[in-house]
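# Structural overview for review
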Amino acid sequence: MSAVTGGARPPAAGGGAGRLALPDFPWDALAPHAERARRAPGGLVDLSVGTPVDPTPALLRDALAGASDAPGYPQVWGTPAVREAVAAWFARRRGVPDLDPDGVMPTPGSKELVAWLPTLLGLGPGDVVVHPLVAYPTYDVGARLAGAAPLPLDDVASLPSPVVDLPGGGTGRVRLVWLNSPSNPTGAVDDVRRLAEVVAWAREHDVVVAGDECYAELGWTPADRGAAGEVDVDERGDLVPPSVLDPRATGGDSRGVLSVYSLSKQSNLAGYRAAFVAGCPALVRHLVGVRKHAGVIVPRPVQEVLRTALGDDAHVAEQKERYRARRAVLRDAVTAAGGRVERSDAGLYLWTTFDEPAMDTVARLADRGVLVAPGSFYGAAGERHVRVALTATDERVASAAERLAG
Ligand SMILES: Cc1ncc(COP(=O)(O)O)c(C=O)c1O
């Protein structure tokens, strides 16, 4: 993702061309493989994107219908009820007992906020946005949209100073650190000790920390790393990924820390664009202030869906069981096919290597009709891995397993 090309530039107009130089959209490169996979016997099984395929729960569709009379403008900040629902959910599900509802803002999906957060925080040239080495591409894009420099780096807390040398030459000052736990694409989970280290470093240097956490309800295997007691598990023995707002990480003070969250995955709501940011009230107030000018608002009916979804754990648990079953089938299948699944402790992906370049794996599996994403989409460190998504129907997952075994 480090290559910056002119492929996405708008036509030259008034000298603006080149100011917004973004990478080519990575999925476009998969089109020829998708085409080949489509021609395989049994057709395409698309495990390349993490888009939910199961129905939106009836409870949430009813909530949308019930709130469809919405003639007036909704508030950027969200209704008090939705902000209180977020705070109650953090207390019940995320181990954050005292989130201030004032420090909550709904967002129309979290990709939008990831892409614009550096701009909304006023970052620009000379500023640096740190994100994980192997990462969801939008952290890099968001830095570029702001004119800041993206810096892929896992161990930010070991930097002696926030002033850093940049890969392209020159120096910049770190202003924002993205954490992504559970990770897309690797499924790695940060324990509270690591979260606390990053928060402490960021506070010392007046840097904002944003934790992108939308796979938190999809914990699987307790990682066998770290000392006992650092990894939480639920009554089923599933890993419970901690939030960056966990008081063990923040000392009970959310200053400078944000959690970015989405219901796209856990509630099958990707089509609704139902997400939120929560944490430091002063930062959230700032974001609300800027977005009022820009008119970025979650539609009122979707705010009601968000509120309803956060109050109901049953549909989330039900969806998790669907993914648990698909994960077991796909894990066995990729292992039988010679792949090695690494990390993948939580989330919707199996981070897999066949000990060959990622595009070779993509091509081989596409010949059998199974489309996966090359790890190189997520940074150079992913160039020998592929990401296998669990987001296909039971029928398609079974079909993929058959072909991988054959
Ligand atoms: C790490 C991560 N962050 C953010 C998003 C965006 O989610 P949405 O825009 O659907 O809320 C995704 C979606 O795949 C993701 O994987």
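Everything discussed here concerns the structure shown above.
Computed from a predicted structure; not experimentally measured. (Residues numbered from 1 in each chain as written. Predicted model: local features only at pLDDT ≥ 70, side-chain atom pairs only at ≥ 80, totals over all residues. Heavy atoms only, no water.)

Lining the immediate environment of the ligand, one finds 14 residues, of which Asp212, Tyr215, Ser262, Ser264 and Arg273 sit closest. Between the ligand and Ser110, the relevant distance is 2.7 Å, taken from an oxygen atom to a main-chain nitrogen or oxygen of the residue. The side chain of Ser264 places a nitrogen or oxygen atom 2.6 Å from an oxygen atom of the ligand. When the ligand is considered free in solution it has 400 Å² of accessible area, and contact with the protein chains removes 92% of it. The pocket occupied by the ligand, as judged from atoms lying within 2 Å of grid points, is the largest pocket. Here the residues of the shell around the ligand are counted per class, giving four nonpolar, six polar and four charged. (Near = heavy atom within 4 Å. Polar contact = N/O pair within 3.5 Å; in protein donor to acceptor, adjacent residues only side chain to side chain. Areas by Shrake-Rupley, 256 points an atom, 1.4 Å probe, with all protein chains shown as cover. 1 Å grid on protein atoms, 1.4 Å probe; cavity = no way out; pocket = protein on both sides within 12 Å on 5 of 7 lines; lining within 4 Å. Sits in = over half its atoms within 2 Å of the grid points. Nonpolar A, V, L, I, M, F, W, Y, C, P; charged D, E, K, R; others polar.)

The next subject is the pairing of strand β10 (residues 257-262). Among the six residues of β10, six are classified as buried, and the element is accordingly described as predominantly covered. Inspection of the sheet shows strand β7 (residues 208-212) paired to β10 by four bridges, in the parallel sense. Residue Ala210 lies in a different strand from β10, and its bridge partner there is Leu258. Relative to strand β11 (residues 275-279), β10 runs antiparallel, the two being bridged by five bridges. Bridging from a neighbouring strand, Ser262 pairs with Ala275 of β11. (Buried < 20%, exposed > 50% of the residue type's maximum accessible area, 1.4 Å probe, protein only. Helix = DSSP H or I, 4+ residues; strand = E, 2+ residues; numbered from the N terminus. Pairing = 2+ DSSP bridges.)

Residue placement: Val244 occurs in the loop between β9 (239-240) and α7 (247-250). Residues in contact with Val244, not counting those within four places in the same chain, are Leu179, Leu195, Val199, Val209, Gly211, Glu213, Ala249, Thr250, Val257, Leu258 and Ser259. (Contact = heavy atoms within 4.5 Å.)

Moving on, we get to empty space enclosed by the protein. Taken as a whole and assessed by the stated rule, the structure comprises two cavities of 30 Å³ or more. Of the voids in this model, the second largest cavity is the one considered here, and its volume is about 30 Å³. Every residue lining the second largest cavity is listed: Val130, Pro132, Leu153, Asp154, Val156, Val177, Trp178, Leu179 and Arg194. Here the element with the most residues in the lining of the second largest cavity is strand β6 (residues 171-180); it accounts for three residues. Considered class by class, the residues forming the lining of the second largest cavity number seven nonpolar, no polar and two charged. (Points joined across faces, edges and corners; volume = space filled by probe spheres on them.)

The calculated volume of the largest pocket comes to roughly 750 Å³. Taken together, 33 residues form the lining of the largest pocket, with Phe25, Trp27, Lys111, Tyr136 and Thr138 sitting closest to its centre. Listed by contribution, the elements that provide at least two residues to the lining of the largest pocket are α4 (110-120) and α5 (138-146). For the lining of the largest pocket, the residue count by class is 19 nonpolar, eight polar and six charged. Of the voids in this model, the second largest pocket is the one considered here, and its volume is about 400 Å³.

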